[in-house]
2 protein chains.
Amino acid sequence: MLQQEFLKSMRYLAASVSIISAKDSNDKPYAMTASSVTSLTLEPPSILVCVNHDASIHDHLLNDEAKFCVNLLKKNQQDIATLCSIKEKEDQRFEDKNWNLNSVPFLQGSQSNLFCNVKKYLDYETHTIIIGEVYQSHNDDGFDTLMYANGKYL
Amino acid sequence: MLQQEFLKSMRYLAASVSIISAKDSNDKPYAMTASSVTSLTLEPPSILVCVNHDASIHDHLLNDEAKFCVNLLKKNQQDIATLCSIKEKEDQRFEDKNWNLNSVPFLQGSQSNLFCNVKKYLDYETHTIIIGEVYQSHNDDGFDTLMYANGKYL
């Protein structure tokens, strides 16, 4: 009963849709769709993201040298958002021509790309809260952010 | 330059609007508007919220006995959202007749009320990340969540 009500509340909690991207030490790229990206501090510019232990990207974010990108998506990026949330399609995640994989992977044409150094992480039950300090940020002008709530994209 | 771009990214990061409410050990109620509420885990049902050290509610959330409520707002609750974000109007925050102050303070007529026990907190620069385990959740049916992005309510 509590869990059903909690799930309903979480459906009502609208959020932006982002893709988190990073590489492992062998230069292999990873990406996952997340709605748990939150602004944390302005000084220094920092955000946090909650990542499930089971996500393939998870372990590659847990060291002090790790970097990642938060790609805040636009409304026309629903397809890649869905692709990067389906476990069975994991090997197709980087087929999109808009990926730039030269260094820290990022998705061109996004609303914003926030490049982060991992600063701290906190383990909690099934997830890890990862704090990233933003060292570079790029924005496309004009607010057109993809959101998700109540089981669908907004 | 980085900070300006970061601020722009954070304007593009759309989020639901919530009011966090709690009492201190003398039964005095506190409330603050927050857009940093994020779903964390389903088992146990948990959320997190980022609170500035300067917020009057902050210190009253930092003990293992603390409880708080996340009131996820509806679109018709813009006025109380604005009121609970203006420092100078702090003494007016509980004038609204929809507050129930019997136990953990909560705002009736919200989209959702999530009652939480504080489980863990992590200090980071100007803010504390507070993890709450939800022990009770109430929802109003029909998705009508108040959101904020690009400097205005959505």
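The rules behind these values
Residues numbered from 1 in each chain as written. Chains lettered and ligands numbered in written order. Predicted model: local features only at pLDDT ≥ 70, side-chain atom pairs only at ≥ 80, totals over all residues. Helix = DSSP H or I, 4+ residues; strand = E, 2+ residues; numbered from the N terminus. Rg over C-alpha atoms; globule rule 2.2 N^0.38 Å. Buried ≥ 20, exposed ≤ 12 C-beta atoms within 10 Å, placed from the backbone. Pairing = 2+ DSSP bridges. Axes fitted to C-alpha atoms, helices over the stretch in contact; angles between N-to-C directions. Contact = placed C-beta atoms within 7 Å. Core = buried A, V, L, I, M, F, W, Y, C linked by C-beta atoms within 7 Å. Least-squares fit on C-alpha atoms with pLDDT ≥ 70 in both. Arc of directions from axis to C-beta.

Turning to the overall build of chain A, a few remarks are in order. A count of helical and extended segments in chain A gives two helices and 12 strands. Against the globule reference of 15 Å for 154 residues, chain A gives a C-alpha radius of gyration of 15 Å, in line with a compact fold. With respect to the principal axes defined by its C-alpha atoms, chain A has extents near 45 × 35 × 35 Å. The buried share of chain A, taken over its 154 residues, is 47%.

This paragraph deals with the sheet that holds strand 3 (residues 29-34) of chain B. Spatially, the seven strands line up as an open sheet ordered 3-2-6-9-10-5-4 (chain B), and their pairing is antiparallel. The outermost strands of the open sheet, each flanked by one partner alone, are strand 3 and strand 4 (38-41) of chain B. Here the average twist between neighbouring strands, direction ignored, is 35°. Both strand 5 (residues 46-52) of chain B and strand 10 (residues 127-139) of chain B contribute to a ladder of seven bridges, which runs antiparallel. Looking at the pairing, Cys 50 of chain B lines up with Ile 129 of chain B of strand 10 of chain B. Strands in contact with helix 1 (residues 2-12) of chain A are strand 4, strand 6 (67-72), strand 9 (112-124) and strand 10 of chain B; relative to strand 10 of chain B, the strand with the most contacts, it is inclined by about 120°.

Here we take up the nonpolar core. The biggest cluster of nonpolar side chains holds 93 residues, and the ones touching the most others in it are Ile 20 and Val 49 of chain A together with Ile 20 and Val 49 of chain B. When residues no more than four places from it in sequence are discounted, the contact partners of Val 49 of chain B are Ile 20, Ala 34, Ser 36, Val 37, Val 70 and Ile 130 of chain B.

When chain A is fitted onto chain B, the two copies agree to an RMSD of 0.0 Å after a turn of 180° and an axial shift of 0.0 Å. Taken together, the rotation and translation relating the two chain copies correspond to the operation of a two-fold axis. Scanning chain A for the C-alpha nearest the rotation axis identifies Ala 15 of chain A, at a separation of 2.5 Å. A share of 100% of interface residues in chain A that are also interface residues in chain B marks the association as one of identical surfaces.

Glancing now at the sheet that holds strand 6 (residues 67-72) of chain A. Residues and elements named next belong to chain A. If you walk across this open sheet you meet the seven strands as 3-2-6-9-10-5-4, and the pairing is antiparallel. On the outer flanks of this sheet lie strand 3 (29-34) and strand 4 (38-41), each paired with one strand and no other. Across this sheet, the average inter-strand angle for adjacent strands is 35°, counted without regard to direction. In this structure, strand 4 lies alongside strand 5 (residues 46-52), joined through three bridges in antiparallel fashion. Counted as the bridge partner of Thr 41 is Ser 46 from strand 5.

Along helix 1 of chain A, the residues classified as buried are Phe 6, Ser 9, Met 10 and Tyr 12 of chain A. Buried residues of helix 1 of chain A, viewed axially, fall in a sector of 155°; they line one side. The inward-facing, buried residues of helix 1 of chain A abut strand 11 (147-149) of chain A together with strand 4, strand 6, strand 9 and strand 10 of chain B.

Here the focus is the environment of His 58 of chain B. Mapping His 58 of chain B onto the fold places it in the loop between strand 5 and strand 6. Not counting residues within four places of it along the chain, the set of residues in contact with His 58 of chain B comprises Val 51, Asn 52, His 53 and Thr 128 of chain B.

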